[in-house]
Amino acid sequence: MKRVPLYALYVADAISLVGNVIAQLAIPWFVLITTGSAALTGLAVFFNFLPIVLAAFFGGVVVDRLGFRTTSVVADLASASAVAAIPLLHTTVGIEIWQLMALVFLGALLDAPGTTARQALFPDLVARAEIGMERAAGVRSSIQRGSLLVGAPIGGVLVAAFGATTALWIDAVSFLFSAALIAGVVPRVARKVADEDERPGYFSELAEGIRYIWHHRLIRAIVLTVLVTNFLDAPFAVVMPVFAREAFGSAADLGVLYGVFGGFALAGSLAFSAIGHRLPKRMTFVCCFSVAPFAYLVLATVPSFPVAIAALAAFGLASGPINPLLGTLQFQLVPAELRGRVFGAITAGAWAAIPVGVLLGGVVVETIGVGGTFLCIGLCYALVTGYGFFNPAFHEMDRPPAEAAAEAPAPP
């Protein structure tokens, strides 16, 4: 029974993430088909990512104050309302592009604190379940990767057969299931709560999270590296629909491509869950990251469908261990009382460049085409990942967790 809350968190994550993946496919495809504009498609994706950065950064303190479990439930209920409004308006009075953008923005803004809250709940539930952190983080990442595997093909089929509104109704329902599961099964986590008279102000607590990241060399290096690689990966969500439409012509083909990437990323995450505790963290991290530029350079040739699948399979397999590895490091290094604001600041820092990358991706693909865009991304990616082999901060990944945590900045 002590593992049930952890399993419930896994299931809640899976349900919510599958719905999100369906929406992330449905909305860009809806905009692309109705407007024919890659730039507007990029704008729609931009309005999905920008609020995640804002809410993760500013919402971390709210997560710490309101509580991890409560924040997760409230955020899911609010997100369900925002997402359901899109198909509701579309099927009743009609929806303008600006209204769609606004609701996409609102839905993502409300969803981000819930994601941070579930992440903050995770270490305590792992400790309660008495499971090794590498194994538990690998399973969680596998579920996240599996959501892409399941959600993308389902989303492609739903959009092709029934339209984007059906897919968005499913996304809204998924939030309700996630909220019910967390509220009904996951217990409240006992936390240190400061007396209101002793509690620093909102912005002081926000600054605590930023200071913690900046003064911890390894976490700072990770955030900066992922900031750049996420910027380079950001156009993927814009370029892939254009690539699939021009080369293959169907949303179902796009769903298969996403599904292959997700399936092999799932395999990589599962492999890390099984053997991650035996692997050197630094070399695993930099070697997995170094596969990405090769995949982009293959896609730059605008290959046939089988070759595109092979490239995305290799890309996905190598990307699978990265998130559970980084998650393990975060869970081991960040004190419980700072989790909301530090995890939120890490997410905001890592994702800060994604909205800009998405916007630029839409403009660049219209200007130089799919092949040229993938080529530019691949060459830049090679420079970033190549430096990773020589970055001295990454050597701290292989230090024993207790030693690294002892030298981490102490919470104020």
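Note that this is a predicted model, so its numbers are computed, not measured.

Visitor: For this particular structure, what's the right way to read helix α11 (residues 281-289)?
Guide: A turn of α-helix holds 3.6 residues, and therefore any two residues three or four places apart point the same way. Within α11, seven of the nine residues are buried, leaving the element largely enclosed by the surrounding structure. For α11, the complete set of buried residues consists of K281, R282, T284, F285, V286, C288 and F289.

Visitor: I'm lost on the environment of L9 in this one. Help?
Guide: By the secondary structure assignment, L9 is in helix α1 (residues 4-35). By relative accessible area, L9 is classed as buried at 0%. The spatial distance from the C-alpha of L9 to the C-alpha of V185 is 8.6 Å, given a sequence separation of 176 residues. Those residues in contact with L9 that sit more than four places away from it in its chain are R118, F122, L125, I182 and V186.

Visitor: In this structure, what is going on with the nonpolar core? I would like to understand it.
Guide: If you look at soluble globular proteins, the nonpolar side chains tend to sit buried side by side. Of all hydrophobic cores here, the largest spans 87 residues; its most connected members are F122, M240, F285, L326, F374 and M397. The leading source of residues in this core is α1, at ten residues. Each residue touching F374, except ones within four places of it in the same chain, is listed here: V239, M240, F243, Y296, L299 and A300. Formed by twelve residues, the second largest nonpolar core is a distinct cluster that contains I27, V31, A44 and I95.

Visitor: How should empty space enclosed by the protein be read in this particular structure?
Guide: Vacant regions in the atomic arrangement are exposed by a probe of water-molecule size rolled over the atoms. Counting across every chain of the model gives two cavities of 30 Å³ or more. Contributing to the lining of the second largest cavity are A26, I27, F30, I86, H90, I95, L100, A164, T165 and L168. Those elements that place two or more of their residues in the lining of the second largest cavity are α1, α3 (68-92) and α6 (164-185).

Visitor: Can you walk me through unusual backbone geometry in this structure?
Guide: Glycine aside, residues mostly have negative phi, and peptide bonds are mostly found in the trans state. With phi around 60°, E130 is a residue other than glycine that occupies positive phi space. Secondary-structure assignment places E130 in the loop between α4 (97-129) and α5 (133-162). The phi dihedral of V302 is positive, around 50°, even though this residue is not glycine. Following the sequence through the fold, V302 ends up in the loop between α12 (291-299) and α13 (305-319).

Visitor: I keep staring at the packing of aromatic side chains and nothing clicks. Help me out?
Guide: Between two aromatic rings, the relevant description is the distance of the centres plus the angle of the planes. Using the criterion set out here, one finds 13 aromatic pairs in the structure. Between F236 and Y296, the ring centres sit 6.5 Å apart and the planes meet at 85°, which makes this aromatic pair edge-to-face. Of this pair, F236 sits in helix α9 (residues 236-247) while Y296 sits in helix α12; the two residues are 60 residues apart in sequence, bridging distant segments of the chain. For the pair shown, F236 and Y296 are each scored as buried. Between F285 and F289, the ring centres sit 5.1 Å apart and the planes meet at 85°, which makes this aromatic pair edge-to-face. Of this pair, F285 and F289 both sit in helix α11, four residues apart, which is roughly one turn of that helix. Note on accessibility: F285 and F289 belong to one class, buried. Aromatic rings pair up to connect F236, F243, Y258, F261, F285, F289, Y296, F315, F374, Y381 and F394 into one cluster. Here the basic side chain of R140 rests over the ring of F122, its NZ or CZ set 5.4 Å away from the ring centre.

Visitor: Mind showing me how you'd approach a nonpolar patch on the surface here?
Guide: Side chains of F231, V356, L360, V364 and I368 sit close together on the surface and give an oily, nonpolar patch of about 370 Å² of accessible area. When residues in the nonpolar patch are grouped by element, the largest group, four residues, is from helix α16 (residues 354-388). Within the secondary structure, F231 is located in helix α8 (residues 217-233). Of the residues examined, F231 reaches a relative accessible area of 31% and is grouped as partly exposed.

Visitor: Explain the environment of F261 to me, please; I cannot follow it from the model alone.
Guide: Mapped onto the elements of the fold, F261 is located in helix α10 (residues 251-275). For the pair F261 and G320, spaced 59 residues apart in sequence, the C-alpha separation works out to 9.6 Å.

Visitor: Looking at this structure, how should I read α9?
Guide: Its twelve residues place the ends of α9 15 Å apart at the C-alpha level, agreeing with the 16 Å of an ideal helix rising 1.5 Å per residue. Regarding α9, the residues found buried are F236, V238, V239, M240, P241, V242, F243 and A244. After α9 finishes, the residue G249 shows a positive phi value of roughly 85°.

Visitor: Whenever I open this one, the environment of G209 confuses me. Can you help?
Guide: Here G209 is to be found in helix α7 (residues 202-215). Judged by relative accessible area, which is 0%, G209 ranks as buried. Separated by 133 residues in the primary sequence, G209 and V342 have C-alpha atoms spaced 4.4 Å apart. Setting aside residues up to four positions removed in sequence, G209 forms contacts with R341 and V342.

Visitor: I tried to follow the pattern of salt bridges on my own but got confused; where do I start?
Guide: A side chain of one charge can pair with a side chain of the opposite charge when the charged atoms of the two come close. Under the counting rule described, the total for this entry stands at five salt bridges. Ionic contacts of the salt-bridge type, sharing partners, join the residues D13, D76, R118 and R140 into one network.

Visitor: Is there a simple way to think about the packing of α8 against helix α14 (residues 322-333) in this case?
Guide: Helix-helix packing: each pair is described by the crossing angle between the helix axes and the interaxial distance. Orientation of α8 relative to α14, taken along the N-to-C sense of each, is 145°, at an axis distance of 11 Å. Along this stretch, α8 crosses α14, giving a crossing that reads as left-handed. For the pair α8 and α14, contact is made by L218, I219, I222 and V226 and by L326, L329 and L333, respectively. Partitioning the contact of α8 with α14 into residue classes produces seven nonpolar, no polar and no charged.

Conventions we followed
All residue numbers refer to positions counted from 1 along the written sequence of the respective chain. Totals for whole chains, interfaces and linings use every residue, but because this is a predicted model, local features are given only for residues with pLDDT of at least 70 and side-chain atom pairs only at 80 or more, for both listing and counting. In computing side-chain values, all of the structure's heavy atoms are included and hydrogens and water are not. Per-residue accessibility, obtained with a 1.4 Å probe over protein chains only, is compared with the maximum for each type, and a residue is labelled buried under 20%, exposed over 50%, and partly exposed between these values. Helical segments are the DSSP runs of H or I of at least four residues, strand segments are the runs of E of at least two, and each set is numbered from the N terminus. Only heavy atoms enter the contact rule, under which two residues are in contact if any of them lie within 4.5 Å. Definition used in this section: a nonpolar core is a set of buried Ala, Val, Leu, Ile, Met, Phe, Trp, Tyr and Cys residues joined via side-chain atoms within 4.5 Å. Buriedness of a pocket was judged along seven lines, with at least five required to meet protein on both sides within 12 Å; pockets are open sets of points on a 1 Å grid over the protein atoms alone, cavities are sets where a 1.4 Å probe fits but cannot get out, and lining residues have an atom within 4 Å of a point. Grid points are joined across faces, edges and corners, and a volume is the space filled by probe spheres set on the points. A pair of Phe, Tyr and Trp rings is counted when the ring centres sit within 6.5 Å of each other, with Trp represented by its six-membered ring. The angle between the planes then sorts it: under 30 degrees is stacked, over 60 is edge-to-face, the rest tilted. Cation placement over rings: the criterion is NZ of Lys or CZ of Arg within 6 Å of the ring centroid and within 35° of the ring normal. Only residues above 30% relative accessible area that lack a salt bridge enter a patch, with like-charged residues linked at up to 9 Å and the nonpolar side chains Val, Leu, Ile, Met, Phe, Trp and Tyr linked at up to 5 Å. To measure how exposed things are, a 1.4 Å probe is used in the Shrake-Rupley method; for residues, cover is taken only from the protein chains shown. Salt bridges are defined as contacts in which a side-chain nitrogen from Lys or Arg sits within 4 Å of a carboxyl oxygen from Asp or Glu. One fewer than the residue count of a helix, multiplied by 1.5 Å, yields its expected span. Angular values range over 0 to 180 degrees, each being the angle between N-to-C directions of two axes fitted as lines to C-alpha atoms, with helices fitted over their stretch in contact. Crossing handedness is defined as follows: a turn of the near helix away from the far one that is anticlockwise and smaller than a right angle gives a left-handed crossing, while the clockwise case is right-handed. We call Asp, Glu, Lys and Arg charged. Ala, Val, Leu, Ile, Met, Phe, Trp, Tyr, Cys and Pro are nonpolar, and the rest, Gly among them, are polar.

Functional significance is not addressed by these values, which are geometric in nature.
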